[in-house]
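Okay, here's what each chain looks like letter by letter:
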Amino acid sequence: MGLSSDQINQLAQLVANTAVDEIDCDEFLRRVGDLVSALADRRAMTSSLLEAAQHLTVCPECDEELRALLELLEVEARA
């Protein structure tokens with residue numbers, strides 16, 4: 001069974017977005033609290049947080065986790 005053209009395009013996009021020193025999901029989750037704080041406070045990103053943000057371009061699961069946290073913060077801020 002071969003890959004469809006859509007699957008090949010998705011894989012090519014992931015490879016193109018991957019950094020030389022990519023962090024994994026566990027490391028992203030260790031940094032996500034700091035990333036959320038920096039985003040909420042509109043602070044400049046440290047290199048560590050830039051690596052976490054880069055991880056989101058190749059990991060939809062971690063991107064979903066971050067979006068859920070940001071949504072929760074918005075709900076709490078409105079309450």
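Check the entry above for the structure.
Every value quoted in this text rests on a predicted model; they were computed, and no experiment measured them. (Residues numbered from 1 in each chain as written. Predicted model: local features only at pLDDT ≥ 70, side-chain atom pairs only at ≥ 80, totals over all residues. Heavy atoms only, no water.)

**Some thoughts on helix α3 (residues 47-56)**
For α3, the complete set of buried residues consists of L49, A52, H55 and L56. Projected down its long axis, α3 carries its buried residues within an arc of 110°, all on one side. Turning to α3, the residues buried within the fold contact α2 (25-41) and α4 (60-78). (Buried < 20%, exposed > 50% of the residue type's maximum accessible area, 1.4 Å probe, protein only. Helix = DSSP H or I, 4+ residues; strand = E, 2+ residues; numbered from the N terminus. Arc of directions from axis to C-beta. Contact = heavy atoms within 4.5 Å.)

**So, unusual backbone geometry**
The phi torsion at R42 lies on the positive side, around 55°, for a residue other than glycine. Along the chain, the position of R42 falls in the loop between α2 and α3.

**Quick notes on α2**
Taking 1.5 Å of rise per residue, the 17 residues of α2 would be expected to cover 24 Å, and the 24 Å separating its terminal C-alpha atoms lies within 8% of that figure. The sharpest bend along α2 reaches about 45° and sits at R31. Every buried residue of α2 is accounted for by F28, R31, V32, L35, V36 and A38. Next to the buried residues of α2 lie α3 and α4. Measuring from the side-chain oxygen of the N-cap residue of α2 to the backbone nitrogen of D26 gives 3.3 Å; that N-cap residue is D24. R42, located one to two residues past α2, shows a positive phi value of around 55°. (Expected span 1.5 Å × (residues − 1). Bend = angle between axes of the 7 residues up to and from the residue. Polar contact = N/O pair within 3.5 Å; in protein donor to acceptor, adjacent residues only side chain to side chain.)

**Details of the pattern of salt bridges**
Tallying each qualifying case throughout the model produces 5 salt bridges. The salt bridge partner of R31 is E27, with a shortest N-O separation of 2.8 Å. Pair noted here: R31 and E27 are both in helix α2, with a separation of 4 residues, about one helical turn. A relative accessible area of 13% places R31 in the buried class. Taken together, the shared-partner salt bridges in this structure form one network comprising E27, R30, R31 and E51. (Salt bridge = Lys/Arg side-chain N within 4 Å of Asp/Glu carboxyl O.)

**What about the packing of α2 against α4?**
Orientation of α2 relative to α4, taken along the N-to-C sense of each, is 30°, at an axis distance of 11 Å. In terms of orientation, α2 and α4 fall into the roughly parallel class. In this structure, α2 meets α4 at a crossing whose hand is right-handed. Contacts between α2 and α4 involve C25, F28, V32, L35, V36 and L39 on the former and, on the latter, C62, L66, L69, L70 and L73. (Axes fitted to C-alpha atoms, helices over the stretch in contact; angles between N-to-C directions. Parallel < 35°, antiparallel > 145°, perpendicular 65-115°, else oblique. Left-handed = near helix turned anticlockwise from the far one by under 90°.)

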